[in-house]
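Single-letter residue listing:
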Amino acid sequence: MTAYDAIVLAGGAAKRLGGADKPAVSVGGRALLDRVLGVCRGAGCTVVVGGRRATARPVVWAREDPPGGGPLAALDAGVRQIGAPAVLVLSADLPFLGERTVRQLIGALDTSGREAALLTDAGGRDQPLVAAYRTEPLRRELALLATEYGSLTGLPLRLLTQELDLARIAAEPLASFDCDTWEDISAARARIREHGNVLDEWITAVKDELGIDLDVDTGALLDLARDAAHGVARPAAPLTTFLVGYAAAKAGGGPEAVAEAARKAAALAARWADETDQAAAGTEAGPAATGEKPTDDTDEVDAG
């Protein structure tokens with residue numbers, strides 16, 4: 001597979017969220033930005049364009065000039081920080097994007113020989129901020145647009161993509177679902193708590209919180225827990241305990257390491273519970289997270 005870097009656009013005004021700090025909004029106990037950074041593990045370098053903040057993974061920070069200059073200006077600022085022959089470009093508000101989709105996008109550059117590979121949603125709409133680009137054609141077109149228009153500020157993404165030789169990949173359900181409104185946030189939070197999703201979401205969140213990059217055989221662990229406890233009613237408990245122990249051992253062991261790992265997991269559980277309480281109180285309501293949302297050239301594509 002082609003070596004690649006990643007650029008995550010995490011700026012913008014988030015007008016439809018009332019100006020909230022969208023990348024920091026929690027879904028499943030994790031900030032939206034951290035959820036997106038989690039699928040960038042294969043990148044050699046990950047650049048986040050936006051205001052600096054604490055993140056679960058190390059990143060390089062960049063900022064468009066002027067701040068709030070739109071997606072092309074932000075993309076240009078990010079490209080200046082990378083050196084790989086390909087770049088994965090994502091917005092910071094994709095709660096359901098998975099590593100399989102990332103591999104498909106990067107792989108499509110290899111198999112198609114084209115300049116970019118874009119995800120298309122269920123309605124057939126291009127998603128230029130869920131895409132992989134060859135770095136040199138991307139730089140070329142950004143430079144040409146800056147020369148033609150005098151500046152990249154405020155320009156729509158379609159001006160870039162219409163000049164590139166594109167491969168298109170049909171999205172898996174929800175892969176391109178983005179969170180532009182509080183209704184979208186509510187739908188995303190409800191989705192991850194569905195019976196078939198909640199355990200995997202929780203374990204991923206715990207690993208992210210504790211800084212563990214470990215593939216856990218949850219089936220084997222649950223079998224062991226059931227054997228030991230004569231049937232486990234709440235499988236998140238033994239799995240979380242295991243991960244806390246693993247994190248503590250990795251940190252050198254001892255009471256202090258255990259206490260710190262447990263504190264982090266408890267804080268994550270509190271955030272998780274807060275979201276559940278909000279939903280139970282009826283403060284969240286919205287459409288199902290289907291990924292079927294109309295977009296236009298400038299609406300929220302600055303990842304704001």
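Treat the numbers as computed from the prediction; the structure is a model and nothing was measured.

A. Fine view of the overall build of the chain. The secondary structure content of the chain amounts to ten helices and nine strands. Counting all 304 residues of the chain, 49% fall into the buried class. For the chain, the computed accessible surface area is about 13800 Å², with 52% contributed by carbon and sulfur atoms.

B. Region of the structure containing the nonpolar core. Among the nonpolar cores identified, the biggest contains 31 residues, and Val8, Leu33, Val48, Leu88, Leu90 and Leu105 are the most heavily contacted of them. Put simply, the parts of the chain that give this core at least two residues each are β1 (4-9), α1 (32-37), β6 (86-91), α3 (99-112), β7 (116-120), β8 (126-134) and β9 (166-170). With five residues, α3 is the single largest residue contributor to this core. Apart from the residues lying within four places of it in its own chain, the contact partners of leucine 90 are Ile7, Val8, Leu9, Val36, Val39, Cys40, Leu97, Leu129 and Val130.

C. Spotlight on the sheet that holds strand β5 (residues 60-62). Taken in spatial order, the seven strands make up an open sheet running β5-β4-β1-β6-β8-β7-β9, and their pairing is mixed. Looking at strand neighbours, the two that pair on one side only are β5 and β9, the edges of this open sheet. For this sheet the average axis-to-axis angle between neighbouring strands, irrespective of direction, equals 25°. On the sheet, helix α2 (residues 71-79) packs against β1, β4 (46-49), β5 and β6 and is oriented at approximately 145° with respect to β1.

D. Local environment of the environment of alanine 3. Inspection of the secondary structure puts alanine 3 in the segment before β1. Residue classification places alanine 3 among the partly exposed positions, given a relative accessible area of 47%. On a C-alpha basis, the gap between alanine 3 and glycine 42 in space is 8.6 Å, while along the polypeptide they are 39 residues apart. Setting aside chain neighbours within four positions, we find alanine 3 in contact with Ala84, Pro85 and Ala86.

E. Broad picture of the confidence of the model for the chain. Scored by pLDDT, the chain comes out at a mean of 82, with 83% of its residues at no less than 70. Across residues 224-233, confidence stays below pLDDT 50; counting only partners more than four residues off in sequence or on other chains, it has six contacts.

The rules behind these values
- Residues numbered from 1 in each chain as written.
- Predicted model: local features only at pLDDT ≥ 70, side-chain atom pairs only at ≥ 80, totals over all residues.
- Heavy atoms only, no water.
- Helix = DSSP H or I, 4+ residues; strand = E, 2+ residues; numbered from the N terminus.
- Buried < 20%, exposed > 50% of the residue type's maximum accessible area, 1.4 Å probe, protein only.
- Areas by Shrake-Rupley, 256 points an atom, 1.4 Å probe, with all protein chains shown as cover.
- Core = buried A, V, L, I, M, F, W, Y, C linked by side-chain atoms within 4.5 Å.
- Contact = heavy atoms within 4.5 Å.
- Pairing = 2+ DSSP bridges.
- Axes fitted to C-alpha atoms, helices over the stretch in contact; angles between N-to-C directions.
- pLDDT = per-residue confidence, 0-100.

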